[in-house]
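Survey of secondary and tertiary structure
Below are the chains, spelled out letter by letter.
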Amino acid sequence: MPEGHTIHRLARDLNGDLAGDVLRVSSPQGRVPTETVDGARFERAEAVGKHLFLHFPDACLHVHLGLFGRFRRRKLNGAPPRDTIRLRLEGPRYAWELSGATASDWVDEHDISALLERIGPDPLSPRAKPKLAWEMIHRSKRPLAALLLDQRVMAGVGNVYRAEILHLLGLHPELPGNELSQATFQKLWRLTKKLLARGVEEKTIRTVDKPSDRTKREALHVYGRSSCRNCKGRVVRVTLGQRDIHYCPRCQPREGE
DNA sequence: CACCATGTTTAAAT
DNA sequence: GATTTAAACATGGT
């Protein structure tokens, strides 16, 4: 479910609903110890790449949604949580419920810095240093498609954004990182930032300026499509690394650059 | 009901 | 040392 925009939007919505409030915190599944924060004031949520941090005065919960994780708002209606709910944050007006996450652990300062050191710059962070991403890409022979998905290079891009970014720049997915020019990298960084930011506002991924309708297919150029939005040619789907990537051989020729 | 998918981590193999 | 592969984990939508 989640690419970086989802997590940043989650942080914004959680803050809008719950920041500064005293929460009832529970773990219906019993998988997250909540005694120390139940009844405590929730300070704020913070997103970095695809990671989410929930800050309480004396504790911080690290959440990563992984492939199936969800974190949803529910109206308070007295209904008991479903048995798949791992964590429940109950504020004055809404309850937020977490399910299916890959990670939901209490972390200390040390854990947090170790984690942040592990991931690359997040284009949505004003303090991000794109230079770090450029250096990794520039030094690597790995295909661009693999580098974009590697959270150590850049944090927040997932399978949909990667396919769309490469298509918009006319880059072949297998172009080795060290063959990308610095000028094109700068375009790539700016584009990524723009698309992720738009995703946060619209709560969905849209890379097409004026889609003809509201369907997901129409909002994208190649991902999940059988024909390229630009040239109408057949979209190629190949497994690169562990994940499928969609691209248009005509709009994204091998020579690239 | 069967199938599919917007992810990460670790260790082992190349 | 760099990179790739395999395995494990976790749900909901169609």
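Parameters at a glance
- Residues numbered from 1 in each chain as written.
- Chains lettered and ligands numbered in written order.
- Predicted model: local features only at pLDDT ≥ 70, side-chain atom pairs only at ≥ 80, totals over all residues.
- Heavy atoms only, no water.
- Domains from an automatic or database assignment.
- Contact = heavy atoms within 4.5 Å.
- Buried area = accessible area lost by both parts, 1.4 Å probe.
- Salt bridge = Lys/Arg side-chain N within 4 Å of Asp/Glu carboxyl O.
- Polar contact = N/O pair within 3.5 Å; in protein donor to acceptor, adjacent residues only side chain to side chain.
- Helix = DSSP H or I, 4+ residues; strand = E, 2+ residues; numbered from the N terminus.
- Nonpolar A, V, L, I, M, F, W, Y, C, P; charged D, E, K, R; others polar.
- Near = heavy atom within 4 Å.
- Pairing = 2+ DSSP bridges.
- Axes fitted to C-alpha atoms, helices over the stretch in contact; angles between N-to-C directions.

Digging into the domain arrangement of chain A
If you check the domain split of chain A, you get domain 1 (4–118) and domain 2 (130–247). Using only C-alpha atoms to locate each centre, domain 1 and domain 2 end up separated by 29 Å. Opposite the nine residues of domain 1 that make contact, domain 2 presents 14 residues. Counting the surface lost from both domain 1 and domain 2, the interface buries some 890 Å², and carbon and sulfur atoms represent 56% of this. The largest share of the area that domain 1 buries against domain 2 comes from His5, Arg9 and Lys50, three residues that together contribute 58% of it. Arg12 serves as the salt-bridge partner of Glu201, at 2.6 Å between the closest nitrogen and oxygen. Counting the contacts that link domain 1 with domain 2 gives seven residue pairs in polar contact (both at pLDDT 80 or more). With six residues, helix α1 (residues 4–18) is the largest single contributor of residues to the side of domain 1 that touches domain 2. Its residues assigned to classes, the side of domain 1 that touches domain 2 comprises no nonpolar, four polar and five charged.

Examining the protein's contact with DNA strand C
Within the structure, DNA strand C sits among 13 residues, and Phe68, Arg86, Gly100, Arg142 and Gln242 are positioned closest to it. Counting only the atoms of DNA strand C within 4 Å of the protein, the fraction contributed by sugar and phosphate is 59%. A distance of 3.1 Å separates a phosphate oxygen of DNA strand C from a polar backbone atom of Gly100. In this structure, Lys141 approaches DNA strand C through a main-chain N or O atom, which is 3.4 Å from a phosphate oxygen. Grouping the constituent residues of the surface near DNA strand C by class yields two nonpolar, five polar and six charged.

As for the pairing of strand β2 (residues 44–48)
Where β2 and strand β3 (residues 51–56) come together, five bridges link them in antiparallel fashion. By the bridge assignment for β3, Arg44 is matched with His55.

Considerations on the sheet that holds strand β7 (residues 94–99)
One open sheet holds the four strands; their spatial order is β1-β6-β7-β5, and the pairing between them is antiparallel. Since the sheet does not close on itself, it has two edges, and those belong to β1 (24–26) and β5 (70–75), each with one partner. Each neighbouring strand pair of the sheet contributes to a mean axis angle of 15 degrees, computed without reference to strand direction. Bridging between β5 and β7 involves six bridges; their strand directions are antiparallel. For Arg73, the partnering residue across the bridge sits in β7 and is Trp96. Most of the contacts of α1 go to β7, to which it runs at about 145 degrees, and overall it touches β5, β6 (85–90) and β7.

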